[in-house]
Amino acid sequence: MSKVEDFEELRPLLFSIAYRILGSVGEAEDAVQETWLRFDGSATRPTSTKAFLAAAVTRISIDVLRSARVRREEYVGPWFPEPLLSDPYQDPARSVELADSVSMAALLLLERLSPLERAVFLLREVFAFGFDEVAAAVGRSEAACRQLLVRARRHMEAGRPRFAADRQEWQELATRFFDALKDGDVGGLQDLLAADVQLVGDGGGKAPQLAKAVMGAKNVARLLGTGFTWLIRIDVSFEPHEINGQPGAIVRDRDGKVLHILVLEVLDGQIQTIRTVINPDKLGHLGLVADAWAIDREVKHARRHLRTQHPDRSPGQLHADRATGPVEDVIKCCNCE
């Protein structure tokens, strides 16, 4: 096989390693490209192309992560990984480990680790590299890598939920959730949420975002139910889609541009966490990105219009209409001119 053929065969693995280390699609793609340049520029062929390329992309990703962490410390609001629609690397023997490690919850847990701990944990626990290969990749002794792995496991296990949902369970729960969301059914949404559910958004200061996390089933259900009622009013739609191996949806404006994504974390038969990513810098790889500020202004205009057309109704009554009324009734009301 030629160098190009060797590299292309291993590209999905290299991207998967880089993405899990970095939590960024764009940075992972750049790391893979830099790995190719180093491989192509090497005068000799390595004994194991897989080991050589995995080591190269790991070292590059560690260097990028160290500089990225400084930026993340200054990030406006919560930081979430860039959403990944599908993992290009598949290994039936490691399917559970691969699926678990790419979830947003797992990637956020990995943020607790040092760059070296993160790389060692991923190469050994997720991709099943031997300790000799892990040591060569991170430039440490095998004994040091074993110690790094022990510390990494301790941090990861401390943050993992006790009960995870199986795939069929979360698919069914997600279907019910998005049906209720489409219908503006606040009560139906509330029934699916854990009592202590959290709704958290990542806007990075570059799009309208929640001032802080919304807590509790009642508050989250009301915000989502009423919020999406208004979005549907201005022709925003959503398409359910698996994101980072979890149930989620891509929310689009009337022109099909990506507004934001929703990801559901399902545990013990209920939705425990809802994460949204609306930072446009993290959505470009999904397609053309919508102007979230323009959408926000349009929603506010529709709300003002409703109040103007119905001055006899108090803000509380209008809020109750939006919270409990069917979507069709709200649309009809807003089209009363």
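Right above here is the structure, for reference.
Report on the accompanying structure.

What counts, and where the lines are drawn
Residues numbered from 1 in each chain as written. Predicted model: local features only at pLDDT ≥ 70, side-chain atom pairs only at ≥ 80, totals over all residues. Heavy atoms only, no water. Pairing = 2+ DSSP bridges. Helix = DSSP H or I, 4+ residues; strand = E, 2+ residues; numbered from the N terminus. Contact = heavy atoms within 4.5 Å. Axes fitted to C-alpha atoms, helices over the stretch in contact; angles between N-to-C directions. Expected span 1.5 Å × (residues − 1). Buried < 20%, exposed > 50% of the residue type's maximum accessible area, 1.4 Å probe, protein only. Salt bridge = Lys/Arg side-chain N within 4 Å of Asp/Glu carboxyl O. Arc of directions from axis to C-beta. Parallel < 35°, antiparallel > 145°, perpendicular 65-115°, else oblique. Left-handed = near helix turned anticlockwise from the far one by under 90°. Nonpolar A, V, L, I, M, F, W, Y, C, P; charged D, E, K, R; others polar.

Let us now look at the sheet that holds strand β3 (residues 237-243). The sheet built from 6 strands is open, its strands ordered β2-β1-β6-β5-β4-β3 with mixed pairing. In this open sheet, the two edge strands, each paired with only one partner strand, are β2 (214-215) and β3. Bridge count between strand β1 (residues 193-202) and β2: 2 bridges; the pairing is antiparallel. By the bridge assignment, leucine 199 is partnered in β2 with valine 214. Running at roughly 135 degrees to strand β5 (residues 258-267), helix α9 (residues 167-183) makes contact with β1, β3, β4 (246-252), β5 and β6 (270-277) of the sheet. Seen against the sheet, helix α11 (residues 217-233) touches β1, β2, β3, β4, β5 and β6 and runs at an angle of roughly 50 degrees to β1.

This next bit is on helix α6 (residues 115-126). Because an α-helix completes one turn every 3.6 residues, residues spaced three or four positions apart along the sequence face the same direction. Here α6 contains 12 residues, and its C-alpha end-to-end distance of 16 Å stays within 8% of the 16 Å for a straight helix at 1.5 Å per residue. All of the buried residues in α6 are Pro115, Leu116, Glu117, Arg118, Ala119, Val120, Phe121, Leu122, Leu123 and Val126. Summarising the contacts, the buried residues of α6 are in contact with α1 (3-22), α3 (49-73), α4 (95-101), α5 (104-110), α7 (131-138) and α8 (142-159). Phi turns positive, to about 60 degrees, at alanine 128, one or two residues after α6.

This part takes up the pattern of salt bridges. For the structure on display, the rule yields 19 salt bridges. The partner of arginine 153 in a salt bridge is glutamate 125, and the shortest N-O contact between them spans 2.8 Å. One end of the pair, arginine 153, is in helix α8; the other, glutamate 125, is in helix α6, and 28 residues separate them in sequence. Since its relative accessible area comes to 33%, arginine 153 is described here as partly exposed. With relative accessibility at 25%, the residue glutamate 125 sits in the partly exposed group. The partner of aspartate 202 in a salt bridge is lysine 282, with the nearest N and O atoms 2.6 Å apart. Remark: lysine 282 occurs in the loop between β6 and α12 (292-309) and aspartate 202 occurs in strand β1; sequence separation between them is 80 residues. Here lysine 282 falls in the buried class, since its relative accessible area comes to 6%. Put simply, Arg72, Glu111 and Arg118 are held in one network by salt bridges that share partners.

Over its 17 residues, α9 runs 24 Å from end to end, which matches the ideal 24 Å to within 8%, given 1.5 Å per residue. Buried within α9 are the following residues: Trp170, Leu173, Ala174, Phe177, Phe178, Ala180 and Leu181. On an axial view of α9, the arc spanned by its buried residues comes to 155 degrees, and they lie on one face. One or two positions beyond α9, positive phi appears at glycine 184, with a value near 65 degrees.

Where α3 meets α6, the axes come as close as 10 Å, and the angle between the chain directions of the two elements is 140 degrees. In terms of axis orientation, α3 runs oblique to α6. Relative to α6, the crossing made by α3 is right-handed. For the pair formed by α3 and α6, the contact residues are Thr58, Ile62, Leu65, Arg66 and Arg69 on the first element and Pro115, Leu116, Arg118, Ala119 and Leu123 on the second. Partitioning the contact of α3 with α6 into residue classes produces 6 nonpolar, 1 polar and 3 charged.

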